[in-house]
Amino acid sequence: MRPDAGTPMIELDNVSKSFGDAVAVDGISLNVPAGSLCVLVGTSGCGKSTTLRMINRLIEHTGGEIRIDGHQIRRFNEVTLRRRIGYAIQNTGLFPHWTVARNIGVVPRLLKWDKARTRERVESLMALLGLDVEAFAGKYPHQLSGGQAQRVGVARALAADPDILLMDEPFGALDPITRSSLQAELLRIQSRIRKTIVFVTHDMDEALRLADQIVVMQAGRIIQQGTPSEILAHPSDDFVETLVGGRDRGLKRASLTPVGEMMESLPDDGRVPAVHVLQTDSMRLAVSLMLWHGVSQLAVVDDTGETVGMLPLRRLVDDFGE
Ligand SMILES: Nc1ncnc2c1ncn2[C@@H]1O[C@H](COP(=O)(O)OP(=O)(O)OP(=O)(O)O)[C@@H](O)[C@H]1O
Ligand SMILES: [Mg+2]
């Protein structure tokens, strides 16, 4: 049975990793609640991948304790870890001589699922990731675009229905549009399947968009952790402030705030502004619409198109800034 949302699924307690004399990870402590998405960010070489790989024991930690679902990971055997933890990496690591279907089914086969169950699982995952079974099941990795291959990589990581998904810069090699659409897919999938995800990136925009919790690392240590809006509002030092965009922070914050949170009720005279925005759209989009149309207020509509409020330009400066 899975623990309830909110209880820690992954716990790192003063965890370190040395390679010889070099300390790659230096006493980090971290809790990842079940069903949440934690993003590790930081510049190259700060220890993100090492941290991730210690969680599935591709790398053994040299100090501290790592627990999954309350149990020390040293107690888990390899088969249990494979079943409980999916792993997706940049450039996918797909086996080049295997078809898409065979690649996705690799862990179920290792776990000795029967053929029918494996096939059913592979097909349902392909559907979940938006890969047409007819068109793609028999293709080989070199016949896929980068984005398609990345979807296969994520499907493969989910194959044995793991509780935990570790993702190491899974969208790092993609163009911005494909990357953005895979980020949206990941959020959509996550809202349905609620895995505990640890996601590594050095792209702060990706972190801000995906994370429930952001962990900022520098030189093997955690220098700040918090929700995206906490990190944006109160970066702990100049380094974090630079990471979150420095003077561009206002717009980044606006992109995290839905219009619905800032809107006001319609005026008594019932006059509705001509240009509208969805209440689920971001404040960043609202600003863009105001600039584009040269208006100082927008009508706010719900997804049925009904007007539910209005957004005056003034709202941007009244309560929004720090
Ligand atoms: N197998 C290894 N042997 C020796 N040193 C290693 C090994 N793996 C990683 N390191 C070192 O540990 C440090 C952290 O590496 P890690 O791969 O975790 O960084 P990262 O944050 O993932 O960086 P990037 O963003 O470039 O992927 C680096 O200094 C790296 O050189
Ligand atoms: Mg790395």
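In every chain, residue numbers begin from 1 and rise along the written sequence. Going through the entries in the order they are written, you letter the chains from A and number the ligands from 1. In keeping with the predicted nature of the model, local features appear solely for residues at pLDDT of at least 70, side-chain atom pairs appear and are counted solely at 80 or more, and the whole-chain, interface and lining totals rest on all residues. Hydrogens are left out, water is left out, and the side-chain values use all remaining heavy atoms of the structure.

Asker: How would you sum up the overall build of the protein chain? Please name residues and give values.
Answerer: Each helix corresponds to a stretch of at least 4 residues labelled H or I by DSSP, and each strand to a stretch of at least 2 residues labelled E; elements are numbered beginning at the N terminus. In terms of regular secondary structure, the protein chain is built from 14 helices and 13 strands. Each principal axis of the C-alpha atoms in the protein chain carries an extent, and together these give about 70 × 50 × 35 Å. Put simply, 63% of the contacts in the protein chain that link residues at least 6 apart link residues at least 24 apart. Roughly 16,000 Å² of accessible area belongs to the protein chain as shown, and the carbon and sulfur atoms make up 49% of that amount. The protein chain carries 36 positive and 40 negative side-chain charges, and their two centres are separated by 9 Å. Contacts were defined at the residue level, with two residues in contact if any of their heavy atoms lie within 4.5 Å. Only the protein chains shown count as cover for residues, and the accessible areas themselves come from Shrake-Rupley with a 1.4 Å probe. In this tally, Asp and Glu contribute negative charge and Lys and Arg positive charge; neither His nor the terminal groups of the chain are included. To locate a charge, take atom NZ for lysine, CZ for arginine, CG for aspartate or CD for glutamate.

Asker: Before we move on, could you go through the site of ligand 1 and cite the residues and values that matter?
Answerer: Around ligand 1 sit Phe19, Ala24, Ser44, Gly45, Cys46, Gly47, Lys48, Ser49, Thr50 and Glu169, and that is every residue in its neighbourhood. Polar contact is the term for a pair of N or O atoms within 3.5 Å; when the atoms are in protein, one must be able to donate a hydrogen and the other to accept it, and sequence-neighboring residues count only if both atoms are side-chain atoms. Between ligand 1 and the protein, one listed contact pairs an oxygen atom with a backbone N or O atom of Gly47 at 3.0 Å. In the model, an oxygen atom of ligand 1 is placed 2.8 Å from a nitrogen or oxygen of the Ser49 side chain. With the chains in place, 55% of the 630 Å² that ligand 1 exposes on its own is no longer accessible. Proximity is defined per residue: any heavy atom of the residue falling within 4 Å of a molecule or strand makes that residue near it.

Asker: Provide a residue-level description of the packing of aromatic side chains, including the pertinent values.
Answerer: Classification of ring pairs rests on two measures: the distance between centres of Phe, Tyr or Trp rings, Trp counted by its six-membered ring, which must be within 6.5 Å, and the angle between planes, read as stacked under 30 degrees, edge-to-face over 60 and tilted in between. Throughout the structure, instances matching the rule amount to two aromatic pairs. On the basis of an interplanar angle of 50 degrees and a centroid distance of 4.7 Å, the ring pair of Phe95 and Trp98 is categorised as tilted. Since its relative accessible area comes to 37%, Phe95 is described here as partly exposed. For a ring to carry a charge above it, either NZ of a lysine or CZ of an arginine must fall within 6 Å of the ring centroid while also lying within 35 degrees of the normal to the ring plane. A cation over an aromatic ring shows up here: Arg117 above the ring of Trp113, its NZ or CZ 3.7 Å from the ring centre. For the exposure calls, accessible area comes from a 1.4 Å probe over protein chains only, and a residue counts as buried if that area is under 20% of its type's maximum, exposed if over 50%, partly exposed in between.

Asker: Outline the pattern of salt bridges, supporting the account with residue identities and numerical values.
Answerer: Salt bridges are counted wherever a side-chain nitrogen of Lys or Arg sits within 4 Å of a carboxyl oxygen of Asp or Glu. Scanning the entire structure with this criterion turns up 17 salt bridges. The salt bridge partner of Asp26 is Arg221, with a shortest N-O separation of 2.7 Å. Here Asp26, found in strand β2 (residues 22-33), pairs with Arg221, found in strand β10 (residues 221-226); they are 195 residues apart in sequence, far enough to count as distant. Given a relative accessible area of 47%, Arg221 falls into the partly exposed group. One salt bridge connects Arg315 with Glu264, and the closest N-O pair in it is separated by 3.8 Å. Of the two residues, Arg315 is situated in helix α14 (residues 314-318) and Glu264 in the loop between α12 (249-256) and β11 (276-278); the sequence distance between them amounts to 51 residues. In this structure, a network of salt bridges that share partners links the residues Glu11, Asp13, Glu65 and Arg67.

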